[in-house]
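These are the residues of each chain, in order.
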Amino acid sequence: MARRFRGAALLVAAMLLCCWHCSFVSPQGASRREMAAGLATGLVGLLSESARAYDLPDLPYAYDALEPSIDKATMEFHHDKHHLTYVTNINKAMEGKSQPPLVELQKSAIKDGAAFRNSGGGAYNHNFFWLEMAPTGKGGKPSEKLSKAIDDSFGSMDDFKAKFEAAGAPGARFGSGWVWLVVTDDKKLAITSTPNQDNPLMDGVEGTAGIPILGCDVWEHAYYLKYQYRRPDYIKAWWDVVNWDQVSAWYEDALGGKAPTADSATSAAALSGRKTSSSFNLKLGFEANAKYGS
């Protein structure tokens, strides 16, 4: 996926390379290395300016990597159309304003209005969603600490899955929304669900507030091409592509009070072996922290 900051990065690279190979010096006698360094300093500002807008991250795997649980066509529409719309609309709402990491918009999103709640929430939730999944057989398993917490909170992994699926069923979450596993303020695990693009980080959210470490998108666009009205079948199949390595890492962070930033899939793409469209690895404050099991 082409991104505006990648274009700026390529421009920086090209100009630095040109300066490095050219034999000229400045009228003041500055060396090629000094001129390249100065050029880099000046263009970093340009790069930072172009990176301020929220970006549609690349998927950290191929579109068909989650089959048979989630089909290629659904992933293409879900990521390239639906997710892009959320990113586009939150950028419009934030035009001319400082744009902090998406996670920082979530707390006050309901109070701040529909653009922040729906588009800001949708952008964050989908960044989170892509990272918490992995190609079939590559997601590892819950850490010992997370497994014990699940057993303590729900009885067993099977009981947890059954309760999670029940919370996401049409009778429990009527219409569009999400079902979540969260770490509450008292460091306990809880299952909750939210309508539309709300999430448990938002003040005033319906259900249980907390730090999300696992979330299943139960909007129809997430499953309808393959499963039609059979949402329960979709959720059952979804377990096969959960990235438990990532969920376990987020659990550790949540115990320390840190919510997933979920701002970029760059690191996840590298770990999954998928080539990104740029050879630059510019963090720009973004974090992925995604891990895949062998």
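Here's a quick rundown of the structure. Here the structure is a predicted model, which means the values were calculated and not measured. (Residues numbered from 1 in each chain as written. Predicted model: local features only at pLDDT ≥ 70, side-chain atom pairs only at ≥ 80, totals over all residues. Heavy atoms only, no water.)

### Thoughts on helix 10 (residues 231-238)
For helix 10, every residue scored as buried is listed here: R231, Y234, I235, A237 and W238. Down the axis of helix 10, the buried set is contained in an arc of 165°. They therefore lie on one face. Buried positions along helix 10 lie against helix 6 (114-131), helix 8 (157-168), strand 3 (211-217) and helix 9 (224-227). (Buried < 20%, exposed > 50% of the residue type's maximum accessible area, 1.4 Å probe, protein only. Helix = DSSP H or I, 4+ residues; strand = E, 2+ residues; numbered from the N terminus. Arc of directions from axis to C-beta. Contact = heavy atoms within 4.5 Å.)

### Side note on the nonpolar core
Core analysis: the biggest nonpolar cluster contains 66 residues, and F160, F164, L189, I213, L214 and W238 have the highest contact counts within it. For this core, the element with the most residues is helix 6, which contributes seven residues. In this view, W238 contacts I70, F129, E132, M133, F164, L214, G215 and C216; residues no more than four positions away in its chain are not counted. (Core = buried A, V, L, I, M, F, W, Y, C linked by side-chain atoms within 4.5 Å.)

### Description of helix 11 (residues 244-255)
Each full turn of the α-helix corresponds to 3.6 residues, which orients residues three or four apart in the same direction. For helix 11, spanning twelve residues, the distance from its first C-alpha to its last is 16 Å, which sits close to the expected 16 Å at 1.5 Å a residue. Within the sequence span of helix 11, burial applies to W244, Q246, V247, S248, A249, W250, Y251 and A254. In this structure, the buried residues of helix 11 make contact with helix 6, helix 7 (144-154), helix 8, strand 1 (177-183), strand 2 (189-195) and strand 3. Following helix 11 by one or two positions, G257 adopts a phi angle in the positive range, close to 85°. (Expected span 1.5 Å × (residues − 1).)

### As for the pattern of salt bridges
Within this structure, the stated rule accounts for seven salt bridges. Put simply, K145 and E252 hold a salt bridge, and the shortest N to O gap is 3.4 Å. With K145 in helix 7 and E252 in helix 11, this residue pair connects regions lying 107 residues apart in the sequence. Overall, the relative accessible area of 44% leaves K145 in the partly exposed class. Across the salt bridge formed by D233 and R230, the nearest N and O atoms sit 3.2 Å from each other. Its relative accessible area of 37% is what places D233 among the partly exposed residues. Exposure remark for R230: the relative accessible area of 29% places this residue in the partly exposed category. (Salt bridge = Lys/Arg side-chain N within 4 Å of Asp/Glu carboxyl O.)

### Quick look at the pairing of strand 3
With seven of seven residues buried, strand 3 is to be regarded as a mostly interior element. Here six bridges tie strand 1 to strand 3, and the two strands are oriented antiparallel to one another. The residue of strand 3 that forms the bridge with V182 is P212. (Pairing = 2+ DSSP bridges.)

### Quick word on the side chain of T194
Residue placement: T194 occurs in strand 2. Polar contacts involving the side chain of T194 include one to the side chain of W180, which spans 2.9 Å. Of note is the side chain of T194, whose polar atom sits 2.8 Å from the backbone oxygen of D198. Ignoring any residue separated from it by four or fewer positions in sequence, one finds T194 in contact with R173, S176, G177, W178, W180, N199, P200, V205 and E206. (Polar contact = N/O pair within 3.5 Å; in protein donor to acceptor, adjacent residues only side chain to side chain.)

### Points about the sheet that holds strand 2
Strands sit in the order 2-1-3 across an open sheet of three strands; the sheet is antiparallel. Each edge of the sheet is formed by a strand with only one pairing partner; in this case those strands are strand 2 and strand 3. Looking at each pair of strands side by side, their axes are set apart by 25° on average, direction ignored. Where helix 8 meets the sheet, it contacts strand 1, strand 2 and strand 3, and its direction lies at approximately 145° from that of strand 1. (Axes fitted to C-alpha atoms, helices over the stretch in contact; angles between N-to-C directions.)

### Digging into the packing of helix 8 against helix 10
At a minimum axis separation of 10 Å, helix 8 and helix 10 run at an interaxial angle of 145°. For the pair helix 8 and helix 10, the crossing hand works out as right-handed. Mapping the contact onto sequence places F164, E165 and G168 in helix 8 and R231, I235, K236 and W238 in helix 10. Partitioning the contact of helix 8 with helix 10 into residue classes produces three nonpolar, one polar and three charged. (Left-handed = near helix turned anticlockwise from the far one by under 90°. Nonpolar A, V, L, I, M, F, W, Y, C, P; charged D, E, K, R; others polar.)

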